Amino acid sequence: MSNGKVATNPANRDLETLRHSASHIMADAVKRLFPQAKLAIGPAIEEGFYYDFDVPAPFLPEDLKKIEDEMAKIIKSNTKFERTEISRSDALKMFKDEPYKTELISELPAGEQISIYKHGNFVDLCRGPHIASTGQVKAYKLLTATGAYWRGSEKNKMLQRIYGTAFESKQQLDDHIKHIEEVKKRDHRLLGKELDLYSIQYEDAGPGLVFWHPKGAMIRKLIEDFWRAEHLKHGYEFIYSPHIARLGLWKTSGHWDFYRENMYSPIDIDEQEYILKPMNCPGHILVYKSRGRSYRDLPLRWAELGTVYRYERSGVLAGLFRVRGFTQDDAHLFCRPDQLRDEIIGVINFGTAIFKAFGFSDFKIVISTRPKEKYVGTIENWDRATEALKAGVEQVGLPYEIAEGEAVFYGPKADIHIKDSLGRAWQCFTLQVDFNLPERFDIVYTSQEGKQERPIMLHRALMGSLERFFAILIEHYGGAFPLWLAPVQAVVLPVLETQHKYAVEVLETLKKSGIRAEADLRNERLSNRIRFATNQKVPYMIVVGDKEETDKTIAVRERVKGDLGAMKIEEFITKLATDYTDFKY
RNA sequence: GCUAGCCUAGCUCAAUGGUAGAGCUCCGCUUUCGUAAAGCGGAGGUUGUGGGUUCGAAUCCCAUGGCUAGCUCCA
């Protein structure tokens, strides 16, 4: 049940061992309370542990409490963990009433030493290691109970999984629970509603389809403006392509054969079948093919904020993270083989620069290689592309990992994982080399020698899906967007109705200098409106009363720092310009 | 898709077989108030939808739509 991963440092290994032992203790408790339960697997995982059981009825929240209490007894008894090495036949005999264990044993490679771990009367097939005795588990908590398929396949029986976590100290456990609560508070589905950023009209429009409300749309516009400006600086051109195209295009591209499960049924138009695009690449290739291309034209870098539609199974949809219609910040680069490396370096540098602008600085690159099945193109081309990616990534100087066989069907890729303010890793950026589509569409350029040569195509997205990236940003910032992304940067708050005229004057001045400002003229007490603006995470509140009106000043309050005192409007405008330090744009 | 839980006013939630309710939001009035919630009143629901059981259903049953969590980080 140990996951067999090589722990990178002893502290992690200790924690893994502790959690793994906690999962044994939990299984023991379950067996005591539900003797008919059959054991499946129970590994330590990143944030804790789980154990899968085959039980007649799903666990209820009350059951978790009972199991926790039973675990307390086992821990209190401080029973030793004992390892025994046994033969395969003894193991099969010992676990003859445990069908899942039996299956695991029979699948262990010949010659593998089989071991069991025992504490008290509880015995489990296990590679180990374990802590010395149950009493060493000082801080643990069971979190949730859910269904989980045996070995993750829906063809298999559904088992009942209990998730729990364990730490070396109560303090660490409490911190972890606090962290879980913090993640919940920052949930983009919650903040999206509170800040009126977006909605998904599940019943009226359909699940997985996003409506961007004015505030959210403003943020998207700001992201898009920034994106376009940066692309121009990096030598890209923009194109727009239609949302539907003839089925034949998708047959040529191979998507109809390899990606159909994610595509929607054809639409009948004048007795011709059209497909709602799940990807932008075939369209971009048509633009390439619209005229002859010279070696001098390359590289071509074409970007599009392309909206695509993909079928996702109902059960995997989740807020803005997983939707059925979304906009990719897509680009396709067409280059000569001698330009491939530089283009890869350029794209990776570009990507990391963009992420830094959004406050991300922790990156990990993963290069995915050819899948064993379901791929197109020659192995030789795959190898060439993979080598170019590795060379490119090395050139940039970021550490990388290789994920064998994890690439999509048309080419190897390099993904960047970014870490957010809550320490969670997200993959947004992807760079995929494609030797396949150029072949399928037979795209060429004329070389210096007048020969027809095949260009190499790169697909890339920096943020990936705007919807998903937006969700990540909402949670990363906890809804408190930096000044350059805040949909409303300042709210003007007159103390009394008598200052409304001056408040509107101030508002107009701010607007004229390009600040996204609003005025809250409601007949509410100042403190009420301050509370509202603070909850809406507006960066600056501009309070104007008699004093300010007389002095022709404004009293500035920052959303976190509080009252900054009175200043001239011009002073405030200058201050905002320097406050764009998060990202100057 | 599957398993479990859930769906009551725009939002967050009460009401466990017997007249659907509160707070916030919204609307109106009063209040003229200086840095995180002033007061009063009003509007708003065929309880997701469609069937069924019952004298009577938000509540029980069936179907359907949707949400949430999970569905190999492998003994």
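Definitions and limits used
- In this numbering scheme, every chain counts its residues from 1 along its sequence in written order.
- Chains and ligands are labelled sequentially in the order written, the chains with letters from A and the ligands with numbers from 1.
- Per-residue local features are limited, in this predicted model, to residues with pLDDT of at least 70; the limit for side-chain atom pairs, both in listing and counting, is 80 or more; totals at the level of whole chains, interfaces and linings are taken over all residues.
- Only hydrogens and water are set aside; all other atoms, that is, all heavy atoms of the structure, feed into the side-chain values.
- What makes a patch is a set of residues exposed beyond 30% relative accessible area and free of salt bridges, joined within 9 Å when like-charged and within 5 Å when nonpolar (Val, Leu, Ile, Met, Phe, Trp, Tyr).
- To measure how exposed things are, a 1.4 Å probe is used in the Shrake-Rupley method; for residues, cover is taken only from the protein chains shown.
- Here, a salt bridge means any Lys or Arg side-chain nitrogen found within 4 Å of an Asp or Glu carboxyl oxygen.
- Asp and Glu count as negative and Lys and Arg as positive, but His and the ends of the chain are not part of the count.
- A single reference atom marks each charge: NZ on Lys, CZ on Arg, CG on Asp, CD on Glu.
- Under the scheme used here, helices are H or I runs from DSSP no shorter than 4 residues and strands are E runs no shorter than 2 residues, and both carry numbers assigned from the N terminus.
- Note on exposure labels: buried denotes an accessible area under 20% of the residue type's maximum, exposed denotes more than 50%, and partly exposed covers the range between, all computed with a 1.4 Å probe on protein chains only.
- Whether two strands pair depends on DSSP finding at least two bridges between them.
- Interaxial angle, 0 to 180 degrees, is taken between N-to-C directions of lines fitted to C-alpha atoms, where a helix line uses only the stretch in contact.
- By nonpolar core is meant a set of buried Ala, Val, Leu, Ile, Met, Phe, Trp, Tyr and Cys residues that side-chain atoms within 4.5 Å join together.
- Note on definitions: a residue-residue contact is assigned when non-hydrogen atoms from the two residues lie within 4.5 Å.

Asker: I keep staring at a negative patch on the surface and nothing clicks. Help me out?
Answerer: On the surface, D268, D270, E271 and E273 cluster together into a patch of negative charge. Relative to the elements of secondary structure, E273 occurs in strand β14 (residues 272-276). The exposure class assigned to E273 is partly exposed, which follows from its relative accessible area of 43%.

Asker: What's the story with the sheet that holds strand β5 (residues 114-119) in this structure? I'm lost.
Answerer: Pairing between the strands of a sheet comes from backbone hydrogen bonds, and it takes one of two forms, parallel or antiparallel. On the basis of which strands lie adjacent, the open sheet formed by three strands has the order β4-β5-β6 and antiparallel pairing. Each of the sheet's edge strands pairs with one partner strand only, and the pair in question is β4 (82-86) and β6 (122-125). In this sheet, neighbouring strand axes are inclined to one another by 25° on average, regardless of whether the strands run parallel or antiparallel. Here five bridges tie β4 to β5, and the two strands are oriented antiparallel to one another. Looking at the pairing, I86 lines up with I114 of β5.

Asker: Please clarify how the sheet that holds strand β25 (residues 517-519) should be interpreted in this entry.
Answerer: Strands sit in the order β25-β24-β26-β27-β28 across an open sheet of five strands; the sheet is mixed. Looking at which strands have only one partner, the edges of the open sheet turn out to be β25 and β28 (562-567). When strand polarity is set aside, the average angle formed by the axes of neighbouring strands in this sheet is 25°. The pairing of strand β24 (residues 490-494) with β25 spans three bridges and is parallel. Paired with V492 across the bridge in β25 is A519.

Asker: Even after reading the chapter, I still don't get the nonpolar core, so can you show me in this structure?
Answerer: In summary, soluble globular proteins display a tendency toward joint burial of nonpolar side chains. In this structure, F358 and L485 are the most contacted members of the largest nonpolar core, which totals 63 residues. Setting aside residues up to four positions removed in sequence, F358 forms contacts with I223, F226, M463, F469, L473, H476, Y477, W484 and L485. Counting 28 residues, the second-largest nonpolar core is a separate cluster that includes L15, A37, F49 and F59.

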